[in-house]
Amino acid sequence: YIWIRSSMEASTILPVLKKKLAFLSGGKDRRSGLILTIPLCTEQTSMEELSSTLDYLLSIPSEKCKARGFTVIVDGRKSQWNVVKTVVLMLQNVIPAEVSLVCVVKPDEFWDKKVTHFCFWKEKDRLGFEVILVSANKLTRYIEPCQLTDEFGGSLQYDHMDWVNKRLVFEKFTKESTSLLDELAVINENEKASQPDKASRPSDSNALPSFDPETVLQTGHELLSELQQRRFNGSEGGGGGGGTAWSPMDDELLAQPQVMKLLDSLREQYTKYQEVCRQRSKRSQLEEIQTKVMQVVNWLEGPGTEQLRTQWGIGDSIRASQALLLKHEEIESQHSEWFAVYVELNQQMAALLSAGDDEDLLELKALQQQLSDVCYRQASQLEFRQNVLQSAHDFHGTAQDLSQQLDGLLGMLCADVAPADGAAIQQTLKHLEEKLKSVEGALQSLREKGQVLLEQISNQSSWFYGKDMQIENKENIDHIHSIMEDMQLRKQRCEDMVDVRRLKMLQMVQLFKCEEDASQAVEWLGELLDALLKTHIRLGDDSQEAKVLLEKHRKFVDVAQSTYDYGRQLLQATVVLCQSLRCTTRSSGDTLPRLNRVWKQFTVTADERQHRLDMASTFHTAADRGSEPGELLDVEVFEEVETVGKALLDRLTIPVIFPDGSEQFFGSPGDMASSAENIRDRMKLVEDKRLQQEEAEQLQEEVALEAGPDES
């Protein structure tokens, strides 16, 4: 295999080369000259194609190799003599100086007579080289077997199509690598020349090579590996004839040095080109980053800032503030897309800064600082606006809750009060106090949130890039103060109404208490009447006891009188409270008639009791006088005892008649019978004493009458 670059290209005569009209097997003669084989066939050989093939093959070896001369083997075993002769004569025209020997391989039996008519050896001087006719088995006299291919009985291996393909690869590599080297050198030089002045960089500074350097290098490495492998195998097989019969050529005939030189040069230029590409990539990255940075900065300082400038209000209700929050979320969403670009750009710039050149650091840092300043400022503006809107939303939410609480409290205060009792009033008062306390807490919360919002609004102009926000802020501030003042006035009105309602409730509590106590007085008076009728029945056993009962009765009546007076006062207070409360539907009801009725019944009963006790006292006093031992019973006393006693007994049988005509007896019939029996007993004692006294007087009279005649 011969791998020196030819001035011709195999691809231009590829169809002819594939016909194998001639070939260089790589074998050498004893003078180290190359062996050129021309295998003639039975078909007519085109001299033109053969000439082209020979021209190509003979252009491959170096001049030093050609100086050793060629041994040409013309295989005429399958061809005619006249074709062989034509080929030999053509060699005189194609390569007369390079041919040392032409070995015409003849058939064993055919050309003997023809050869006698034309002896090549006689034409040596005219041809310029020696021509011998030789049989295939006699070629070894002139050429070693290891330098002959198998068709001549040799051991040298040769695959023509493999040689053609490898030759195509070699020529393609050398062509592409040479062209690539030139292009890379130009690119690298242009890049080097443009480094000092980046601003005047030519428009074609980003030119790309025609071939992919990686692919060309890969092809070259594979080719070199193939050449080295074949040379290594060939060196092992050199020597005497067996095994791999392939003899290596001289170094200048091998393509390895040329391929290696091309690869070294290519790697050197490719390394420089990679640096150029790296610089290009970095430059392109910087330009792309700068473009994106300016896009972000221009949007944030343009449309982004304008969006925030148009959003200065805080809304006049919770619904309006909610709508502003939603609008702000849309603005934040748009900003988020640009902030995401900022994060990506910041990461790219950080990576470039960590591996950048000193000349690029200042520009890149300035770009990074500009982007960071704008993004952080815009993010701060968004956050501040978000805080203002959130505070406004909280403020309006609290105002709405407070308004609802005030409406509820006002509804309670405007509703008619019709409690069933004092407990219900106390519960209502407690509920009102709780409502008022809740309103106070909500109002305090509203003031605090309003103050926070006012402080935020006072700082709002700081992030509007100098725009005059006094009018807008004044509207917002006036709105906040208006809401707080309105809520304060409403709360004050409710407090005043609560005070009135509280007073009214307390008066109603007093009203219910008076009515309750008045009813209680009626019950007490009824109980006193009941006790007077059922338990105050004794009339005493003597005058002393009768006096004690009279004293107790007077005290009992005084208690009843106080109870009645207390009830009257309570009912009078009830009337006054009803007038104060304008409760036209409420009055003392039946309490006053009941009180008067019970009182009249009591007074009637008390008078009757008083009368009976007076009679009992008179009776017992007379009875005591008439029943004193050793004392004479006076007729007047006796008559008084009889008269008063009978009158008292008659009185005990008479019921108490109330003003309404109803009747009621003191105690039970047994109690009355016991009292009457006691009176009768005393009357009987006096009667017995009177009888005893009359008997004594009669006896005295009789004794006196009897003694009178005697004395006379």
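It should be noted that the structure appears before, not after, this text.
The following refers to the structure shown. Because the structure is a prediction, the values reported are computed rather than measured.

Rules used in this analysis
- Residues numbered from 1 in each chain as written.
- Predicted model: local features only at pLDDT ≥ 70, side-chain atom pairs only at ≥ 80, totals over all residues.
- Heavy atoms only, no water.
- Helix = DSSP H or I, 4+ residues; strand = E, 2+ residues; numbered from the N terminus.
- Buried < 20%, exposed > 50% of the residue type's maximum accessible area, 1.4 Å probe, protein only.
- Contact = heavy atoms within 4.5 Å.
- Areas by Shrake-Rupley, 256 points an atom, 1.4 Å probe, with all protein chains shown as cover.
- Core = buried A, V, L, I, M, F, W, Y, C linked by side-chain atoms within 4.5 Å.
- Axes fitted to C-alpha atoms, helices over the stretch in contact; angles between N-to-C directions.
- Parallel < 35°, antiparallel > 145°, perpendicular 65-115°, else oblique.
- Left-handed = near helix turned anticlockwise from the far one by under 90°.
- Nonpolar A, V, L, I, M, F, W, Y, C, P; charged D, E, K, R; others polar.
- Pairing = 2+ DSSP bridges.
- Patch = residues over 30% accessible without salt bridge, like charges linked within 9 Å, V, L, I, M, F, W, Y side chains within 5 Å.
- Salt bridge = Lys/Arg side-chain N within 4 Å of Asp/Glu carboxyl O.
- Lys, Arg positive; Asp, Glu negative; His and termini not counted.
- Charge placed at Lys NZ, Arg CZ, Asp CG, Glu CD.
- Phe/Tyr/Trp six-rings, centres within 6.5 Å; stacked < 30°, edge-to-face > 60°.
- Expected span 1.5 Å × (residues − 1).
- Polar contact = N/O pair within 3.5 Å; in protein donor to acceptor, adjacent residues only side chain to side chain.

1. Describing the overall build of the protein
Here's step 1: Within the protein one finds 17 helices and seven strands.
Here's step 2: In the protein, which comprises 712 residues, the share counted as buried stands at 42%.
Here's step 3: Put simply, of all contacts in the protein between residues at least 6 apart along the chain, 83% involve residues at least 24 apart.
Here's step 4: Carbon and sulfur atoms form 51% of the exposed surface of the protein, whose accessible area is close to 37,700 Å².

2. A word on the nonpolar core
Here's step 1: Grouped together as the largest cluster of nonpolar side chains are 53 residues, with contacts concentrated most on Leu525, Phe602, Val641 and Ile679.
Here's step 2: Within the residue set of this core, elements represented by two or more residues are α12 (422-458), α13 (470-534), α14 (543-581), α15 (591-626), α16 (635-652) and α17 (669-711).
Here's step 3: Top contributing element to this core by residue count: α13, with twelve residues.
Here's step 4: The residues touching Ile679, leaving out its near neighbours within four places in the chain, are Leu539, Phe619, Gly645, Leu648, Leu649 and Leu652.
Here's step 5: Core analysis: the second largest hydrophobic core is formed by 38 residues, Tyr56, Ile60, Val83 and Trp163 among them.

3. A closer look at the packing of α15 against α16
Here's step 1: Running from N to C, α15 and α16 cross one another at 150°; their axes reach a closest spacing of 9 Å. By the angle between their axes, α15 is roughly antiparallel relative to α16. In this structure, α15 meets α16 at a crossing whose hand is left-handed. Here α15 contributes Glu608, His611, Arg612, Met615, Ala616, Thr618, Phe619, Ala622, Ala623, Arg625 and Gly626 to the contact with α16, which in turn contributes Val637, Glu640, Val641, Val644, Gly645, Ala647, Leu648, Arg651 and Leu652.
Here's step 2: Partitioning the contact of α15 with α16 into residue classes produces eleven nonpolar, four polar and five charged.

4. Looking at the pairing of strand β1 (residues 23-28)
Here's step 1: A large share of β1 lies buried, amounting to six of its six residues.
Here's step 2: Here β1 runs beside strand β2 (residues 34-39); their pairing, made up of three bridges, is antiparallel. Across the sheet, Leu24 pairs through a bridge with Leu36, a residue of β2.
Here's step 3: Counting the residues that bridge the hairpin from β1 to β2 gives five residues, and of these Ser32 lies at a positive phi of roughly 70°.

5. Topic: a negative patch on the surface
Here's step 1: Taken together, the side chains of Glu697, Glu701, Glu702 and Glu706 define an acidic patch exposed on the protein surface.
Here's step 2: Secondary-structure assignment places Glu701 in helix α17.

6. Quick look at the side chain of Ser391
Here's step 1: Here Ser391 lies in helix α11 (residues 358-414).
Here's step 2: If we skip the residues at most four places from it in the chain, Ser391 touches Val452, Leu453 and Gln456.

7. Section: the sheet that holds β2
In sheet architecture, strand pairing relies on hydrogen bonds along the backbone and comes in two forms, parallel and antiparallel.
Here's step 1: Read across the sheet, five strands follow the order β1-β2-β3-β4-β5 without closing on themselves; strand pairing throughout is mixed. Each edge of the sheet is formed by a strand with only one pairing partner; in this case those strands are β1 and β5 (130-134). Strand-to-strand, the axes of this sheet are offset by a mean angle of 25°, without reference to chain direction.
Here's step 2: Pairing of strand β4 (residues 99-105) with β5, which is carried by five bridges, proceeds in the parallel orientation.

8. Quick word on the packing of aromatic side chains
To describe a pair of aromatic rings, one takes the distance between the centres and the angle between the planes.
Here's step 1: Counted under the stated rule, the structure contains seven aromatic pairs.
Here's step 2: Taken together, a centroid distance of 5.4 Å and an interplanar angle of 15° make the contact between Trp299 and Trp338 stacked. Placement of the pair is Trp299 in helix α9 (residues 256-310) and Trp338 in helix α10 (residues 318-355), with a sequence separation of 39 residues.
Here's step 3: Residue classification places Trp338 among the partly exposed residues on the basis of a relative accessible area of 22%.
Here's step 4: When the ring of Phe556 is compared with that of Phe602, the centres are 5.8 Å apart and the planes differ by 35°; the resulting orientation is tilted.

9. Brief notes about the side chain of Glu642
Here's step 1: Here Glu642 shows up in helix α16.
Here's step 2: A relative accessible area of 15% places Glu642 in the buried class.
Here's step 3: If near-sequence neighbours (up to four positions away) are discounted, Glu642 is found in contact with Met683 and Glu687.

10. A closer look at the pattern of salt bridges
Here's step 1: Considering all chains together, one arrives at 32 salt bridges under this definition.
Here's step 2: The residue Lys327 makes a salt bridge to Glu330 at a minimum N-O spacing of 4.0 Å. Highlighted residues: Lys327 and Glu330, both in helix α10, separated by three residues, approximately one helical turn.
Here's step 3: Since its relative accessible area comes to 38%, Lys327 is described here as partly exposed.
Here's step 4: According to the relative accessible area criterion, Glu330 is partly exposed, its value standing at 47%.
Here's step 5: Measuring nitrogen to oxygen at the nearest pair gives 4.0 Å for the salt bridge that ties Glu642 to Lys646. Remark: Lys646 and Glu642 occur in helix α16; sequence separation between them is four residues, near one turn of the helix.
Here's step 6: One connected set of salt bridges, linked through shared partners, spans Glu433, Asp499 and Arg502.

11. Some words on the pairing of β2
Here's step 1: Along β2, five of the six residues are buried, which leaves the element largely enclosed by surrounding structure.
Here's step 2: Two elements, β2 and strand β3 (residues 70-75), share six bridges in a ladder whose sense is parallel. What sits directly across from Ile38, in β3, is Val74.

12. Let's talk about α14
Here's step 1: Across its 39 residues, α14 extends 56 Å between first and last C-alpha, which sits within 8% of the 57 Å expected from 1.5 Å per residue.
Here's step 2: N-cap assignment for α14: the residue whose side-chain oxygen lies 3.2 Å from the backbone N of Gln544 is Asp542.

13. Considerations on unusual backbone geometry
Here's step 1: Despite not being glycine, Lys20 has its phi angle at roughly 55°, a positive value.
Here's step 2: Relative to the helices and strands, Lys20 resides in the loop between α1 (14-18) and β1.
Here's step 3: We classify Lys20 as partly exposed; its relative accessible area is 28%.
Here's step 4: Phi at Ser32 is positive, roughly 70°, even though this residue is not glycine.
Here's step 5: By relative accessible area, which is 33% here, Ser32 ends up partly exposed.

Purely geometric stuff here, so don't read any function into it on its own.
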